[in-house]
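What follows is each chain in one-letter form.
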Amino acid sequence: MNPYVVVEELEKRIAEWTGAPYGVAVESGSAAIFLSLMWNKHKYGPIGSVTIPSRTYPSVPCSILHAGGKVRFEDINWSGEYELWPLKIWDSALRFRKGMYHGGMQCISGHIKKRLNVGRMGIILLDDKDAYEWLKRARFDGRNPVPLQEDNLTQLGWNLYLCPPDAARAIQSF
């Protein structure tokens, strides 16, 4: 049996509940933001300058810098989510609710202190099929969901996938 079926089930449930066509589960909300930035870079080229609120979690500007972008802080009042402007990537770590999807890439986060009360996890909500396929491989070392000896590694990736036991706990708490 494929142990990643439970991860796919979580992605499907969260996407349906939020109204997104697709969901890609990763090990944290920070990983969701980073991979969304890397897709943007892959698809459109250099990231450039990204405006975010002055008061945000430290991993957000770090992710922008790691993706090759420049951070521009502004005093923005926000509640629940904000856009990494102008990229149509949303840090929605504090806005997990039914029907919340409104386009672009919305990065949600699960944590013991958040509404999706699980250890650590993130999900990228999106509507772009090409991005969905790229992100699924990127989160799993650039691999396809097949045994390593059967795979053709043609894409760079990162070890950022959500482990099946964490996905199972998320399904139980969801």
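In this report, we go over the structure that sits alongside the text. (Residues numbered from 1 in each chain as written. Predicted model: local features only at pLDDT ≥ 70, side-chain atom pairs only at ≥ 80, totals over all residues. Heavy atoms only, no water.)

## Notes on the layout of surface pockets
Of the voids in this model, the second largest pocket is the one considered here, and its volume is about 300 Å³. K136, R139, F140, N144 and P145 are the residues nearest the centre of the second largest pocket, which is lined by 16 residues in total. At the level of elements, α1 (5–18) and α4 (129–138) are the ones that each hand at least two residues to the lining of the second largest pocket. The element contributing the most residues to the lining of the second largest pocket is α4, with 3 residues. Among the residues making up the lining of the second largest pocket, the classes are represented as 8 nonpolar, 2 polar and 6 charged. (1 Å grid on protein atoms, 1.4 Å probe; cavity = no way out; pocket = protein on both sides within 12 Å on 5 of 7 lines; lining within 4 Å. Points joined across faces, edges and corners; volume = space filled by probe spheres on them. Helix = DSSP H or I, 4+ residues; strand = E, 2+ residues; numbered from the N terminus. Nonpolar A, V, L, I, M, F, W, Y, C, P; charged D, E, K, R; others polar.)

## Thoughts on the sheet that holds strand β4 (residues 82–84)
Judged by pairing direction, the sheet is mixed, and its 5 strands sit side by side in the order β1-β7-β6-β5-β4 without closing on themselves. Each of the sheet's edge strands pairs with one partner strand only, and the pair in question is β1 (22–26) and β4. The average angle at which neighbouring strand axes cross in this sheet is 30°, direction not considered. In the sheet, strand β6 (residues 105–111) pairs with strand β7 (residues 120–126) via 6 bridges, with the strands oriented antiparallel. Of the residues in β7, the one forming a bridge with S109 is G122. (Pairing = 2+ DSSP bridges. Axes fitted to C-alpha atoms, helices over the stretch in contact; angles between N-to-C directions.)

## Observations concerning the packing of aromatic side chains
Inspection of every chain in the model, using the stated rule, returns 9 aromatic pairs. Considering the side-chain rings of Y22 and Y132, the 4.5 Å spacing of their centres and the 20° angle between planes classify their relative orientation as stacked. Of this pair, Y22 sits in strand β1 while Y132 sits in helix α4, and the two are 110 residues apart along the sequence. Centroid distance W78 to Y82: 4.8 Å. Interplanar angle 65°. Geometry classified as edge-to-face. Using a relative accessible area of 4% as the deciding quantity, one classes Y82 as buried. Each residue in the set F34, W39, W134 and W158 is aromatic and connected to the rest through ring pairs, giving one cluster. (Phe/Tyr/Trp six-rings, centres within 6.5 Å; stacked < 30°, edge-to-face > 60°. Buried < 20%, exposed > 50% of the residue type's maximum accessible area, 1.4 Å probe, protein only.)

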